Structure formats: C-alpha cells, structure tokens
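# Architecture and fold: a report
Here is what each chain is made of, one letter per residue.
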Amino acid sequence: MARWCYRHRLVVLVLWVGVLFGVGAVGTSAGSDYSNDFALPGTDSTRANELLEKARPGGAGDAGTVVWRVADGSVRDADVRSRIEPALREIAGMDGIGAVNGPYGDEPGAAARISEDGRTAYAEVAFAQRANSVPTELAEAVVDTAGAAAGDGLRVEVGGEAIARIQQATGGTSELVGIAAAAVVLFLAFGSFFAMLLPIVVAVFGVGIGLFSTMLLSHGTGIPDLAPLLGSLVGLGVGIDYALFIVTRHRRALLQGEDPVTSVGVALNTAGRAVVFAGATVCIALAGMLVMNLRFLDGVVIATTLTVVLSVLAAVTLLPALLGFLGPRVLSRRQRRRLAEQGPERGAANGLAVRWSAQVQRRPRSLIALAVVALTLLALPVLSLRLGATDHGNHPEDQTTRQAYDLLADGFGPGFNGPLIVVAEDARPDAVRRLTARVEGDEGVARVVALPPAGGVSLVQVVPTTSPQSLDTDRLIDRLRDDHLPQAGVDGHVGGVTAVFKDFAEKTGERLPYFVAAIVGLGFVLLLIAFRSLLVPLTAAVMNLVAAAASFGVVVAVFQWGWGLELIGLDRSGPISAFLPVIMLSLLFGLSMDYQVFLVSRMHEEWMHTKDNARAVRVGLAETSRVINSAALIMICVFLAFVLSGDMQAVVAGFGLAVAVAVDAFILRTALVPALMHLMGRSNWWLPGWLDRRLPHLAVEGSETPSGTGPAGAGRSGVAPAAGGSAVHGFVRTVEGGPVAGAVVTLRSLDGDTLDRVRSLADGSYLLAAPAPGAYVLGVTEEGGAEHTRRVTTGDGPLVQDVELAEDGADVH
C-alpha cells in the first residue's frame, strides 16, 4: 500500500484534499448542534428536573442574567433606572428573547432581585433556545446593549451559558500555537524545513476532517461542545507524533542507502505497523469510556476516536504520497551532501542516547530509587482529589460572565449562583410548610422561598450560604435528601445545576474503578499478544497507573489547591470536573501505550535476535529514546497550547496531559521501565508454553528489509536472521578494555562472500545476522587500520564473540 501511495501520489493527494474541502463545506453550511447532557437516569437530581419540566413545560431555554452595581447610592435611584430600564426593554424586544424580568416591576419576586444594601440588582433574561443554539449575534447584542448602560459609577455585566460561549478564545488559537511550537521541535529534530512540514500537514488533514465530521454528527447524536476541542487536542498530538515516527524511519533508511520508494516501504513496514497498533490502542482506551455508561462521554468517544482513526489513516496513506513529492529533500542539505560524498551510513545509534542507555544498565537500582521518590512526591496530592464541577466563577477575571458571577456573590451571597430546587409531586401544603421551616433552620441555608405550586408539583428554592463548588454545599444537599425531606414527611427530590453535578461526580467516582480495570485489562491483553511476555504488559499497566497518579497529583495541586494557578492565567481554584479524570485517563493510557509499543518493540526485536536481555534493553532504549523524547516534546507543546483555549475543562485536560506525557516519556520510558527490565533479566520475556501456543501472533514491527529488496550483504544492526539462521554479537574493545565505536564488523562465508556488515555502537557492541548455523569468517576493521579476521562457528542459538583490538591482531573471546 505504501508503494502504491508513493507511486500514485497525485491521486492520493487530490483525494485527501477533496475529502477535506468537501466535508468542510458541508460541515460549515450545516453548522453544529452540540449539547451538554450531564443528567444520569435514576439519580435524584434527574427525577427533580423531570418534575420541574412538568411544572414549567417549555422552559428549556437558556437563562441569562444582566447584573448591575452602583459605586455610590442605590440601584433604585432615578438616574440608574433611567439608564438600565431602556436597555432591558431593548433586550426584551430582541428576536430570540422570551422574557426579561427585572427588579423594577410589580410582579412577584421583583423586589428580591435587589440586594439588601441596595447597591446590586439583576434581571433574568430568558432565551428562547438552549445555550448551544443561541445565535452568536444575539448573545453579542445582549452584551453590547447591557454594556452601553454602564459608566459614571455604574457597572453592568452579563452572565449565562449563552454569553460564556462567545467569550471563549478565538477558534483555532490554541491549535495554531500548538502547531507553531511543534514546528520548532520538528525543525530542531530534522534540520529540514520540508521534513518539518510533513507531520504538521498530515495532522492538519486528520484533525480538519475529524472536526468537520464531528460537526455533522452532532446533528444526529448528542455530542458535547467540549468534544471537538478534545478531538483536536488528541488529534494534533497523535497525528504529528505518528508522522514523526514514520518520517524518522524513512530518513534513516535513506541515509543507509535505500532508494526512496524502497525506503518508504521499509518505513511503513516497520514504523507504520507500530503506528497502526498504537492508534488501535488509543481507540480502545477511548472506547473504554463507554464502560462508564455516561451519556455525556459517548459524544467525546465519537469525536476523539474518529479523529485518531483519520490521523492514522493519513499517516499510512497521505504521508507516503507526500514523501513521494519530496524525494530526497526530506533530508537536510547537509545530510544529502554527506550521503553523496561519504556514501550510506552503516552505523547505529550513538551519542547521548547510547551513553544514557549504558548508564541505565550500570545503575538501575539508583535510577529506580530516584524515579520512585520523584513519582511519589508528584502523586501525593491525588489523595485529596475532589470531583465536582467548574462554573463561571472559574472564568478569567476579565470576562463579563466572571464579573457577573462575582457581583451576584457579593450582593446576594456566594450560594446565590447555585440555588437548589426541592421538588415534590402531590405534596400536602402542611408538609411543604414543615419542610420550609426545617430547611430555614439549617446553618448552611441563606434563604428559603416556597414557590407557587404548578401542575401538581410543589417547589421550594433553597439558596446555600456557600458557593456551588464548596464541600459544604454538597453536605447540604445530602442533609436535604437524607434528613429534611424524610422528617418533614415529603417525598421530594433535590435538583438544580449544583445537584446535577454532585450526582454526576458521585456516579463517576463509583464507576471509575470498573473503567480503569477495563482499559488496563485491554492494554495488558494487547501487549501480551504483541510481545508474548507476561512481565512486559504487567510493567506497562503498573507504569500507566503511576503516570496517571503523578499527573493527577499535579492537577490537584494546581487547580484544586491553587499552586501556581496565576501562571496559567487563572485565579480561582476549585474541584476537578467529574468527567475530566475519565477523559484524561483514556487519553493517557492510549498515549502511554504508544510510547511503550515504540520502546519495547525495538527491545523485543533485539531479544528475538540475540536472546541477550541486557543488550536488548540497552539497544532498544538507545535507538528509540531520541524519537520518543522528540514526540513527547511535541505532545507537551500541543497540550500546553490548549491552556489558551479559554475553556476551563480544556485547560485542565491540556495541562494534565502535558504533565502526564512529560512524566511518562522522561521518567518512566527512558529511566524506570528500562531499569526495571535490566533487573528482571530474561524473565521479561517469559511466557508459559501453553499460553504461547494459544495466543494469536501479531507483528507490531515488520522487517526493515522488505522481501525482495536490498542488496545481499547489506545487513544492518537489528536485521533478523533468516529462518533457521543465527546471530553473532558481542563487544569490540581496546587492550585496556575501553569500547571501540565505529569499527566495521563483517561476517563472511568461508568463500569470502559478505553476508552482513555493521559498525559497532558507542559502547562497542555489535550484532550480525548469520543465515544458518555453520562456520564463518568474522572481520573487524578499526577506522584507518587493517582488518583483523577470525574464524567463528555458530550453532542453533546466538554466538557471543567479544573482540579485543591489538596492534598485532584481533583476539576473539
């Protein structure tokens, strides 16, 4: 498929461009119909809202508020009324506004819309539609009309969900910042402008089609407005990373002398397989959210999974086509010049990655101890994690919804922004009076108002003394349900937005262990099949849980405790939104599996060739750590850019995932996991025979040399021997015992035919593939010196041959 896409690159590119613009045109014309449904069937708040709808049918439109406050005097003053009342009448006359109820009329409850000190007042604005359906032009007109009345000691602010939607950062701002930051990392990694563009273009196609498709799907199924933002967050991250892995392998093959079309085949047959497997693990982790049985999360699963699938598809079809257009220009000018002057590279990984890998092998216990201490410190705050909901009080201070929220809290008390509604059907009047009296005596209640019954439903509004996010407000809801209602003899329910979020958080907490068990179990099974080992998937599962604990610990410290919150443009802490742990865990487990697959697949490949665990772990880490770290930096840049999104949930998710990726890549995958694998030795690859026979075979990475390609004897470190073959490996050292890097090690037949040739790594290690057991000639040439040869004989297993280079010849041990 890769070669077909390469050779028919114009057709592939036209198809992708056509799909992007076609779906984009349809999606833009149709618009979106996102909806946030936090209700859970069977919960007390859901039953309360159902009865409330019965009492007030058709009252499903969004409720906004216009709040004003005077610096001196009273809101009842004539000059204040002369400015506010015309504005309210103009708003009431707008198309799409159902009613405006202010404080200056004679209707019941009007006087209660003025604070006790007379300096703050508000008017309720009833939109005819739900917040996500309110036209942007209408919401902006309400804000502009109300704001025009401000001035000369009079502040006017506007609140409500419809207003909050128009305050979010300009669409695409966070995405553009993330792409720009990723471009810098890619340019530093590749040193080529064209190579830098490839992963970005591929990710943009995948994310663009995914977002437009999500807009269309929102008309047929419930998708929350957070879903497209999360879709672009994860889509950009995995799309750029997947293309990075493939482009890196393609560039390596070009530098090793392959022609471009063969190189593309090599890249897709190796890194491409791993990308498809990694994408599948991300999708499975995302699908794990369905275990929660939360309607709100179903739309998130649809949007994010669709974007990941499209990103993988773009990486394995569009990317080969784009590589065909670029040809050798995917390499930097310096690399192309060196390739022309010096010929193909035959060396393997070297430099800092090799030195770090050797350090991990020498001091695994010390690194494990340091990593455990660091992870423990990061994870400790997670013990105080409290699930809840964010509200307009968490918006930036310069937004009108935050200003309106604060004005209402100052004028009417912190609980005014989250009133509770006690709803009872067919309740006796005397029972309602007893309930009202009992609730009035509760120390957590600021005000109780018995509203006129409607449709056989009795309503009691309860305003807490504490804010909607306060733990004391949650305790008040429990007292209303468990004490006040039963003791007053009322069969009622407690509803309102605050109660809905409390029930949502409790249900999420109850189902979270099942969700974690599901995605950990699925990940374990996938890695078990891929690597045919028990300890490798078990280690991955534990490491994923550790990374999750550490990232959530940082999230709690920043967003719940408020440590450093001002550094990211926020000033008010609060509980963590109940659905965010589920979403973050899905994304984290999927992305962690990506890094585990890319790291361990190379180790597994080396293990299958040599059966030497120390070498497998050392070489695997040395050859993958750089690309994993580059991929992690890109992910971190993309995720942190979503701090600019203006959406509190996206800010928390982006920040938390950036921390998780940093912990996973820089602590777990490059230190803790390889150190543990060094200590566990050959046990890493143990699998009971009966289980091995029953498991299906899954090739995560194919051979680097596709069938029928590549010159005879053009062996590279890590190439598997033919069926029935063997391997020769060991170290090239000086007489003093120091490693010899860059020595040419050649395996020849007794007739003199070259069978394999490699260069020793920075630690002096080498690996050669022998086609079959038998006698061969091993040649070692140090740069600028003569070749030293020895006869070696291989058997059914790998042959270990250490080479000591002396002036008068090579001593082979």
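The following paragraphs examine the structure supplied in this document. Predicted model only: the values in this text are computed from it and were never measured.

Another aspect to go through is the side chain of S551. Considering the arrangement of structural elements, one finds S551 in helix α19 (residues 535-560). On the accessibility criterion, S551 (1% relative accessible area) is buried. Every residue in contact with S551, bar those within four places of it in the chain, is listed here: L588, G656, V659 and A660.

On to the packing of aromatic side chains. Two measures describe an aromatic ring pair: the distance that separates the ring centres and the angle between the ring planes. Applying the stated criterion to the full structure yields 10 aromatic pairs. The interplanar angle of 75 degrees and the centroid separation of 5.8 Å between the aromatic rings of F193 and F194 together place this pair among those described as edge-to-face. Ring geometry for F559 against F655: centres 5.5 Å apart, planes inclined by 80 degrees, an arrangement best described as edge-to-face. Taken together, the residues F559 in helix α19 and F655 in helix α22 (residues 648-680) connect sequence positions 96 residues apart. F655 shares its class with F559; the two are buried. Here a set of aromatic residues connected by ring pairs shows up, and it is made of Y122, F412 and F416. The cationic tip of R9 hangs over the ring face of F325; the distance from NZ or CZ to the ring centre is 6.0 Å. Sitting over the face of the ring of F194, R329 holds its NZ or CZ atom 5.4 Å from the ring centroid.

This part is about the packing of helix α10 (residues 260-287) against helix α11 (residues 295-326). Axis separation between α10 and α11 bottoms out at 9 Å; the angle between their running directions is 175 degrees. Considered as vectors, α10 and α11 are oriented roughly antiparallel to each other. For the pair formed by α10 and α11, the contact residues are V264, L268, G272, V275, V276, G279, V282, C283, L286 and A287 on the first element and V301, T304, T305, V308, V309, V312, A315, V316, P320 and L323 on the second. Taken together, the residues of the contact of α10 with α11 sort by class into 16 nonpolar, four polar and no charged.

It is worth spelling out a nonpolar patch on the surface at this point. A surface patch of nonpolar side chains, amounting to about 570 Å² of accessible area, comprises V184, F187, L188, F193, F194 and L197. Of all the secondary-structure elements, those providing two or more residues to the nonpolar patch are α7 (173-190) and α8 (193-217).

Quick look at the sheet that holds strand β13 (residues 754-759) now. Spatial ordering of the open sheet is given by β13-β12-β15-β16, a layout of four strands whose pairing is antiparallel. Single-partner strands in this sheet number two, and they are β13 and β16 (787-794). Strand-to-strand twist across the sheet, computed as the mean angle between neighbouring axes with direction ignored, equals 20 degrees. Relative to strand β15 (residues 774-781), strand β12 (residues 744-748) runs antiparallel, the two being bridged by five bridges. In the strand pairing of β15, T746 is matched with G779.

With six of eight residues buried, strand β3 (residues 120-127) lies mostly within the body of the structure. Two elements, strand β1 (residues 63-70) and β3, share seven bridges in a ladder whose sense is antiparallel. The residue of β3 that forms the bridge with V66 is A123. Here four bridges tie strand β2 (residues 97-101) to β3, and the two strands are oriented antiparallel to one another. Residue pairing for β3: N101 is matched across the bridge by E124.

Calculation notes
- Residues numbered from 1 in each chain as written.
- Predicted model: local features only at pLDDT ≥ 70, side-chain atom pairs only at ≥ 80, totals over all residues.
- Heavy atoms only, no water.
- Helix = DSSP H or I, 4+ residues; strand = E, 2+ residues; numbered from the N terminus.
- Buried < 20%, exposed > 50% of the residue type's maximum accessible area, 1.4 Å probe, protein only.
- Contact = heavy atoms within 4.5 Å.
- Phe/Tyr/Trp six-rings, centres within 6.5 Å; stacked < 30°, edge-to-face > 60°.
- Lys NZ or Arg CZ within 6 Å of the ring centre and 35° of its normal.
- Axes fitted to C-alpha atoms, helices over the stretch in contact; angles between N-to-C directions.
- Parallel < 35°, antiparallel > 145°, perpendicular 65-115°, else oblique.
- Nonpolar A, V, L, I, M, F, W, Y, C, P; charged D, E, K, R; others polar.
- Patch = residues over 30% accessible without salt bridge, like charges linked within 9 Å, V, L, I, M, F, W, Y side chains within 5 Å.
- Areas by Shrake-Rupley, 256 points an atom, 1.4 Å probe, with all protein chains shown as cover.
- Salt bridge = Lys/Arg side-chain N within 4 Å of Asp/Glu carboxyl O.
- Pairing = 2+ DSSP bridges.

Fair warning: the whole summary comes from geometry, so function is off the table for now.
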